[in-house]
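For reference, the chains in residue letters:
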Amino acid sequence: MQLDAKIPEGPIEKKWDSHRFHLKLVNPANKRKYTVLVVGTGLAGGSAAATLAELGYNVKSFCIQDSPRRAHSIAAQGGINAAKNYQNDGDSIYRLFYDTVKGGDYRAREANVYRLAQISVNIIDQCVAQGVPFAREYGGALANRSFGGAQVSRTFYARGQTGQQLLLGAYQALERQVQAGKVKMYPRTEMLDLVLIDGKARGIVTRNLVTGKMETHVGDAVVLATGGYGNTFFLSTNAKGSNATAIWRAHKRGALFANPCFTQIHPTCIPVSGDYQSKLTLMSESLRNDGRIWVPKKKGDTRSPDKIPDGERDYYLERRYPSFGNLVPRDVASRAAKAACDEGRGVGPSGLGVYLDFGDAIKRLGQRAIAERYGNLFDMYERITGDDPYKVPMRIYPAIHYTMGGLWVDYNLMSTIPGMYVLGEANFSDHGANRLGASALMQGLADGYFIIPYTIGDYLATTKLAKVEADHAAVKDAEKGVKARLDKLLAAKGSRTVDSFHRELGKLMWESCGMARNKKGLEENLSAIPALKEQFWKDVRVGGAGEEFNNELEKAGRVADYFELAELMCRDALHREESCGGHFREEHQTPDGEARRDDENFAYAAAWEWKGEGEKPELHKEPLQFNEVHLTQRSYK
């Protein structure tokens, strides 16, 4: 299989404009002849469905929640990046492009990243026009703040609820098209397989999560915007319903999976408090604008933080990275926190925590100013921990958050399956080995509002698509496969719960494929995970029936997919003999503990092909060219 990224020729700043001009168009009167299936209603899926319907296409929109408003995009707190340069502090489209490539440790495709930076300026205008209540300065201008990996202020925000407000904007646009009859919504519906006809994506098999009824929907193209796979680790900042089933089932149908080992550790999460926990809570990276991160200088210092004088505190990020301080990228901040705790200087009951302290900011700005910026985040922290962060420092520790890997897509966001597009976190394209904070919302809206409407039209205008009926042989085969898998899960009458297996898998992944990886741990996982998977199919207990509300059946199907995906993640991490971004191989680091890349041997996207149950996947490589941002060892010092 030859990977063709379809990157346009010409100067990088003109690639997207030139490409758009050369894309074939669908006549407005012909758009209503086409049906597009959009799976997922977060920022990427919601904006795509709304925009495609606005253009005239017939759209079917699917979400596992009871409403698109409950998509996980709602959980994003801190902001969305855009190169508007409202602060006049030296920002530009090129600087956002540069920061993103550097932040991803030179493992992203330059052309896609530059396009993202270009489009960022339009996203803000779009959202303001929709009524998104971005924070504003005293004079009425839109406000900005800083995020990690940048020395400028380019992050637009709505207090600590930016994802929610952006999602409401996309949701209103989507509901307008529902009322107009151009979008048909399918809430509480999960995609369980992809239907291929003549090698093209033409439909999906779904299960109604309320009634259990299985249905097939056919169309002319399929758009997957179902988010990332962080819940493979069990404990993550993702909603419990977030899962990888849609993209994994598409992978098994022929879509290559790229860079699965590139997972993001977020440095600003509330530490684990006990074995009973089912998820972790994120505290926005925006807090690092005013909060200072520190640990005691002395090992085993259990004094209350207010009893530790300033001279006995180690503000380790400010010490190690004076140019960026507390605003280093997430991967750098996370590893530094782990190193401090590994030295025995961690805080809290478990010793796995560091302080995020607002004492100096409150003295400098006043409590009212801090409350205006972060009040809802402070309230959330107090409700969860019982501590008042206005009076005592927050305790934070890194946790699994975002996934940079995903289904491989070309410049048009099409996967290796013709007619199947992948948007947002579900694809691999823009963030390399580490995502800069506030860039997830930017990518999701860029993909949905401004890219897919152009590129999907080119496919529909240039591809001969025969009419497909629901009784087509390929449809029936897909339905049989889904039913057989569900029946196999229901037939399992073992002694263990689905969650017990998921938790055990997550522990294996966190310990050996989490913040740090090494050859020994990854090889052990590649033996332990298949063994645990075999035990799962023998000893899991899934009660109830298929054609009814059955939450355990839902979870069982997703966890079965996590076993296969986890194995691929470990295989990818083992093969990549370098450290880059969030992928930190302990064998490959500088003397001072920073990631050491191997550009000569690994400057490529690793795209894996499913070869069948029990077979080793096949690796395909997309070489990454760096013509604008030259490869250099990353430094934030």
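Rules used in this analysis
- Residues numbered from 1 in each chain as written.
- Predicted model: local features only at pLDDT ≥ 70, side-chain atom pairs only at ≥ 80, totals over all residues.
- Heavy atoms only, no water.
- Pairing = 2+ DSSP bridges.
- Helix = DSSP H or I, 4+ residues; strand = E, 2+ residues; numbered from the N terminus.
- Axes fitted to C-alpha atoms, helices over the stretch in contact; angles between N-to-C directions.
- Core = buried A, V, L, I, M, F, W, Y, C linked by side-chain atoms within 4.5 Å.
- Buried < 20%, exposed > 50% of the residue type's maximum accessible area, 1.4 Å probe, protein only.
- Domains from an automatic or database assignment.
- Contact = heavy atoms within 4.5 Å.
- 1 Å grid on protein atoms, 1.4 Å probe; cavity = no way out; pocket = protein on both sides within 12 Å on 5 of 7 lines; lining within 4 Å.
- Points joined across faces, edges and corners; volume = space filled by probe spheres on them.
- Nonpolar A, V, L, I, M, F, W, Y, C, P; charged D, E, K, R; others polar.
- Phe/Tyr/Trp six-rings, centres within 6.5 Å; stacked < 30°, edge-to-face > 60°.
- Expected span 1.5 Å × (residues − 1).

Considering the sheet that holds strand 2 (residues 58-62)
One open sheet holds the 5 strands; their spatial order is 5-2-1-9-17, and the pairing between them is parallel. The open sheet has two edge strands, strand 5 (183-186) and strand 17 (420-422), and neither has a second partner. Averaged over all pairs of adjacent strands, the angle between strand axes in this sheet comes to 20 degrees, irrespective of strand direction. With 3 bridges connecting them, strand 9 (residues 221-224) and strand 17 associate as parallel partners.

Details of the nonpolar core
Counting residues in hydrophobic clusters, the biggest one holds 182 residues, and the most contacted among them are Ile80 and Met420. Per-element accounting of this core gives the leading share, 13 residues, to helix 16 (residues 551-575). Domain assignment of the residues forming this core places at least three in each of domain 1 (17-264 + 402-462) and domain 2 (265-401). Apart from the residues lying within four places of it in its own chain, the contact partners of Met420 are Leu194, Ala201, Val222, Leu224, Ala250, Ala255, Leu407, Leu413, Met414 and Ser415. The next biggest cluster of nonpolar side chains, apart from the first, holds 5 residues, and it includes Trp294, Tyr315, Val347 and Tyr355.

Details of the sheet that holds strand 14 (residues 354-357)
With antiparallel pairing, 5 strands are arranged side by side in an open sheet as 11-15-14-12-13. Single-partner strands in this sheet number two, and they are strand 11 (263-269) and strand 13 (313-314).

Describing the layout of surface pockets
Volume-wise, the second largest pocket comes out at about 790 Å³. Together, 31 residues line the second largest pocket, and Leu235, Val272, Leu352, Trp510 and Glu511 are the ones closest to its centre. Looking at the lining of the second largest pocket, the elements that each hand over two or more residues are strand 15 (394-403) and helix 14 (498-513). At 7 residues, the largest contribution of residues to the lining of the second largest pocket is made by helix 14. Here the residues of the lining of the second largest pocket are counted per class, giving 16 nonpolar, 7 polar and 8 charged. The two domains that each donate at least three residues to the lining of the second largest pocket are domain 1 (17-264 + 402-462) and domain 2 (265-401).

A look at unusual backbone geometry
Although it is not a glycine, Asn85 adopts a positive phi angle of roughly 55 degrees. Using a relative accessible area of 26% as the deciding quantity, one classes Asn85 as partly exposed. Even without being a glycine, Phe234 presents a positive backbone phi close to 65 degrees. By secondary structure assignment, the location of Phe234 is in the loop between strand 9 and helix 7 (245-252). You can call Phe234 buried: its relative accessible area is 4%.

As for the pairing of strand 8 (residues 214-218)
Sheet analysis places strand 7 (residues 200-208) next to strand 8, joined by 5 bridges and oriented antiparallel. When the sheet's bridge partners are listed, Gly203 is paired in strand 8 with Val218. Counting the residues that bridge the hairpin from strand 7 to strand 8 gives 5 residues, and of these Gly212 lies at a positive phi of roughly 85 degrees.

Here we look at the packing of aromatic side chains
Going through the model one piece at a time under the given rule, you end up with 25 aromatic pairs. With centroids separated by 6.3 Å and ring planes inclined at 50 degrees, the aromatic side chains of Trp294 and Tyr315 adopt a geometry described as tilted. With Trp294 in strand 12 (residues 292-296) and Tyr315 in the loop between strand 13 and helix 8 (316-320), this pair connects stretches of sequence that are 21 residues apart. The pair formed by Trp294 and Tyr315 is uniform in burial state, with each residue classed as buried. When the ring of Phe358 is compared with that of Tyr374, the centres are 5.8 Å apart and the planes differ by 55 degrees; the resulting orientation is tilted. Taken together, the residues Phe358 in the loop between strand 14 and helix 10 (359-365) and Tyr374 in helix 11 (residues 367-385) connect sequence positions 16 residues apart.

A word on helix 12 (residues 440-462)
Every α-helix carries 3.6 residues per turn, so stepping three or four residues along brings you back to the same face. Its 23 residues give helix 12 an end-to-end C-alpha distance of 31 Å, which sits within 8% of 33 Å, the value for a rise of 1.5 Å per residue. Within helix 12, 19 of the 23 residues are buried, which leaves it mostly tucked inside the rest of the structure.

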